[in-house]
Amino acid sequence: MRPTGKLHLGHLVGALENWVSLQNEFENYHLVADYHALTTNLSTSELYDNSIDMIIDWLSAGIDPVKSPVFRQSQIKEHAELHLLFSMLITTARLERNPTLKEQARDLKIETMSYGHLGYPVLQAADILLYKGNLVPVGEDQVPHIEITREIARRFNTQYGNVFPEPEPRLTKFARLPGLDGNQKMSKSTGNTILLSDSPEEIQKKLRTAVTDPQKIRKGDPGRPDICLVFTYHQKFNPAAVGEIRKGCESGALGCVDCKKQCGAAIANALAPLREKRAYYETHRDEVKNILADGEKRAKHTAQQTMSEVHEAMAIG
Ligand code: ADP
């Protein structure tokens, strides 16, 4: 994940929850993509603090840094080297066809793109393959990048010998959580988010602005839950009440104001344990810095091993 600010519900349900559940079954690596953050913001003054804030969100959601190292991309120079080698194995035309990049350029109104931004998935391929990742737990928007990673791994293996696995994406049931404004993706860049660190009051306030079925204007009007993003949030955060909410919405008995209040309460309730842990880590930031230093040492060790295999296969270095 890129350290671009505090995490939102999309990050949690699309990726982070999966990381937490997979860490018991697999050897996980959790990367702070700080080089990748430069693709959309060149200012570095907040990068470190944002990284620590993001790691606090990870730890609060249940990431166990003893089981799985947490580290910054910029501290392990092997990422930069592998990125360079991989950049020879893919054409610019292939990268220009990347639908995720086109979507981002549209949302952020980027007219001319830097060379590094075009190569976003090439650096991501290096991030994944340095640790020989088999599974990549990401949201749906990242699937095209995993496909590019597979192509690069295949190309390398054919050209120089078998070093890398061909990783697969691992999606959750909510691989693309919609935003409050009705946009298909909750995303910081479009400002339609509920943050993991929002208070119950902030959550209620934000939900009041959520777009619902335009045909349901007042209580009594029948609604269409399947096109309503608040209903999607209920499905995730209030599963026990989903049947009743559907019935109430469709018949008109349940108004949007009430429905949103119930949804806000369920989200606040689900985030309560995270909020509690966050409060602890916010007053123990040094502990988080030590976790990072330990993770960086461990990740570096794996990265160096992979790079010596790469050097040997390529007969360089
Ligand atoms: P952002 O899109 O907010 O800049 P990132 O690109 O750093 O966030 O995404 C980090 C991870 O969170 C990725 O795996 C991405 O697919 C996932 N993710 C982000 N937003 C959502 C969302 N709305 N629904 C599901 N997953 C998401």
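Cut-offs and rules
- Residues numbered from 1 in each chain as written.
- Predicted model: local features only at pLDDT ≥ 70, side-chain atom pairs only at ≥ 80, totals over all residues.
- Heavy atoms only, no water.
- Domains from an automatic or database assignment.
- Buried area = accessible area lost by both parts, 1.4 Å probe.
- Salt bridge = Lys/Arg side-chain N within 4 Å of Asp/Glu carboxyl O.
- Polar contact = N/O pair within 3.5 Å; in protein donor to acceptor, adjacent residues only side chain to side chain.
- Helix = DSSP H or I, 4+ residues; strand = E, 2+ residues; numbered from the N terminus.
- Nonpolar A, V, L, I, M, F, W, Y, C, P; charged D, E, K, R; others polar.
- Buried < 20%, exposed > 50% of the residue type's maximum accessible area, 1.4 Å probe, protein only.
- Contact = heavy atoms within 4.5 Å.
- Near = heavy atom within 4 Å.
- Areas by Shrake-Rupley, 256 points an atom, 1.4 Å probe, with all protein chains shown as cover.
- Axes fitted to C-alpha atoms, helices over the stretch in contact; angles between N-to-C directions.
- Parallel < 35°, antiparallel > 145°, perpendicular 65-115°, else oblique.
- Left-handed = near helix turned anticlockwise from the far one by under 90°.
- Bend = angle between axes of the 7 residues up to and from the residue.

### Things to note about the domain arrangement of the chain
Examined at the domain level, the chain breaks down into domain 1 (9–177 + 284–314) and domain 2 (198–278). Approximately 980 Å² of surface area, both sides summed, lies buried where domain 1 meets domain 2, with 70% of it carried by carbon and sulfur atoms. Linking domain 1 with domain 2 are two salt bridges, by the criterion used here. A salt bridge links Asp57 to Arg278, with the shortest nitrogen-to-oxygen separation between them at 3.0 Å. Counting across the interface, domain 1 meets domain 2 through four residue pairs in polar contact (both at pLDDT 80 or more). Looking at the side of domain 1 that touches domain 2, the elements with two or more residues in it are α1 (9–22) and α3 (47–61). Of all the elements, α3 adds the most residues to the side of domain 1 that touches domain 2, at six residues. By residue class, the composition of the side of domain 1 that touches domain 2 is eight nonpolar, two polar and three charged.

### What about the environment of His284?
Structurally, His284 can be placed in the loop between α13 (256–282) and α14 (285–314). His284 gets classed as partly exposed once you look at its relative accessible area, which sits at 31%. In terms of polar contacts, His284 uses its side chain to reach the backbone carbonyl oxygen of Tyr280, at 2.7 Å.

### Considering the pattern of salt bridges
With the rule as written, the count across this model stands at 21 salt bridges. The salt bridge involving Glu147 is made with Arg150; its shortest N-O contact spans 3.8 Å. With Glu147 and Arg150 both in helix α9 (residues 143–160), this residue pair falls three residues apart, about one helical turn. The exposure class assigned to Arg150 is buried, which follows from its relative accessible area of 18%. Taken together, the salt bridges that share partners define one network made up of Glu147, Arg150, Arg154, Glu166 and Glu168.

### A short note on the side chain of Thr306
For Thr306, the position within the fold is in helix α14. Taking relative accessible area as the criterion, Thr306 reaches 3% and is therefore assigned buried. Ignoring sequence-local partners within four residues, the contact set of Thr306 consists of Leu129, Leu130, Lys132 and Phe164.

### Points about the site of the ligand
Inspection of the region around the ligand gives 18 residues, with Arg2, Gly139, Asp141, Leu177 and Met186 positioned closest. The backbone of Leu177 places a nitrogen or oxygen atom 2.8 Å from a nitrogen atom of the ligand. The fraction of the free accessible surface of the ligand (540 Å²) that becomes covered by protein chains is 94%.

### Some words on unusual backbone geometry
The backbone of Lys109 shows a phi angle near 55°, a positive value even though the residue is not glycine. Assignment of secondary structure puts Lys109 in the loop between α6 (99–107) and α7 (115–118). Judged by relative accessible area, Lys109 falls into the exposed class, the value being 69%. Even without being glycine, Ala315 reaches a positive phi, approximately 55°. Its location among the elements puts Ala315 in the segment after α14.

### Side note on the packing of helix α11 (residues 229–237) against α13
Remark: α11 packs on α13, axes separated minimally by 10 Å, with the N-to-C direction vectors making an angle of 40°. The angle between the axes of α11 and α13 places the two elements in the oblique class. Taken as a pair, α11 and α13 cross one another with a handedness that is left-handed. When α11 is examined against α13, the residues Val230, Tyr233, His234 and Phe237 are found in contact with a partner set consisting of Cys259, Lys260, Gln262, Cys263, Ala266, Ile267 and Ala270.

### Some words on α13
Most pronounced at Ala272, the bend in α13 amounts to some 45°, and the proline Pro273 follows within four residues. On its buried side, α13 packs onto α1, α3, α10 (200–208), α11, α12 (242–251) and α14.

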